[in-house]
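# Tertiary structure, described
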Amino acid sequence: VQLGIAGPLVFALIIETALRRESGAVARTLFWLLLLILAWMTGIVLSARPSIDPRVATALTITAACFMSPLFCLLMLHYARVEIVEQRVAVRWAVVAPFGLFGLAFATNGAHGWMADPVRLTLEGGVPRDAGALYWAFQIWTNLTAVVGLALAARIGLRARSRAERRRMGLVVLGALAPL
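Residues numbered from 1 in each chain as written. Predicted model: local features only at pLDDT ≥ 70, side-chain atom pairs only at ≥ 80, totals over all residues. Heavy atoms only, no water.

## Side note on the packing of helix 3 (residues 54-79) against helix 9 (residues 163-177)
Relative to each other, helix 3 and helix 9 sit at 170 degrees, their axes nearing to 13 Å. Looking at the two axes, helix 3 sits roughly antiparallel to helix 9. Judged by residue contacts, Phe72, Met76 and Tyr79 of helix 3 engage Glu165, Arg168, Met169, Val172 and Ala176 from helix 9. Taken together, the residues of the contact of helix 3 with helix 9 sort by class into six nonpolar, no polar and two charged. (Axes fitted to C-alpha atoms, helices over the stretch in contact; angles between N-to-C directions. Helix = DSSP H or I, 4+ residues; strand = E, 2+ residues; numbered from the N terminus. Parallel < 35°, antiparallel > 145°, perpendicular 65-115°, else oblique. Contact = heavy atoms within 4.5 Å. Nonpolar A, V, L, I, M, F, W, Y, C, P; charged D, E, K, R; others polar.)

## Quick notes on the environment of Ile14
By the element assignment, Ile14 lies in helix 1 (residues 2-19). Its relative accessible area of 5% is what places Ile14 among the buried residues. Expressed as a C-alpha distance, the spacing of Ile14 and Leu38, which sit 24 residues apart in the sequence, is 9.1 Å. (Buried < 20%, exposed > 50% of the residue type's maximum accessible area, 1.4 Å probe, protein only.)

## Describing the packing of aromatic side chains
For the coordinates displayed, the defined rule picks out six aromatic pairs. The interplanar angle of 65 degrees and the centroid separation of 5.8 Å between the aromatic rings of Phe99 and Phe102 together place this pair among those described as edge-to-face. Taken as a pair, Phe99 and Phe102 lie in helix 5 (residues 89-107) at a separation of three residues, close to a single helical turn. Overall, the relative accessible area of 9% leaves Phe102 in the buried class. Ring geometry for Tyr135 and Trp136: centres 5.0 Å apart, planes at 85 degrees, overall edge-to-face. Judged by relative accessible area, which is 38%, Trp136 ranks as partly exposed. Three or more aromatic residues joined by ring pairs form one cluster here, namely Phe99, Phe102, Phe106, Tyr135, Trp136 and Phe138. (Phe/Tyr/Trp six-rings, centres within 6.5 Å; stacked < 30°, edge-to-face > 60°.)

In structure tokens:
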């Protein structure tokens, strides 16, 4: 039901973003963020289907979960026109790179046990009993980037001169908080 309702909406937003004439950092980041949201939703739906290999659902959900929060933060940094983010590629990579390492740690958890079993995490949900220290670092880092993104959106909304801009940022904040 979840994917049947929200999936077409997210898919339409992906298409609309891709077809826009804007080709800047905000549009590109939004496009990738929307793709990750769709992948995450699809993974959650597939994890409830016993006929689907749980590794497929896990790959979708964990990959998306690793990169949604930093991309949201990056989107807000671009939207706020933070100068260092706009001028230096290394800063943008610094926001995203740790999550690539977390994704790699999830993929190789069987060898070291520092994260959590990604298949069990996807299928059971909640806080895993076998979570290692790196899993908690991932949780802290993910939540920090989400809070930074939300704070930037709130700041933009509060400082906006036009009512339309304040409304837009209010919708961004509500949309980001909706999964909670």
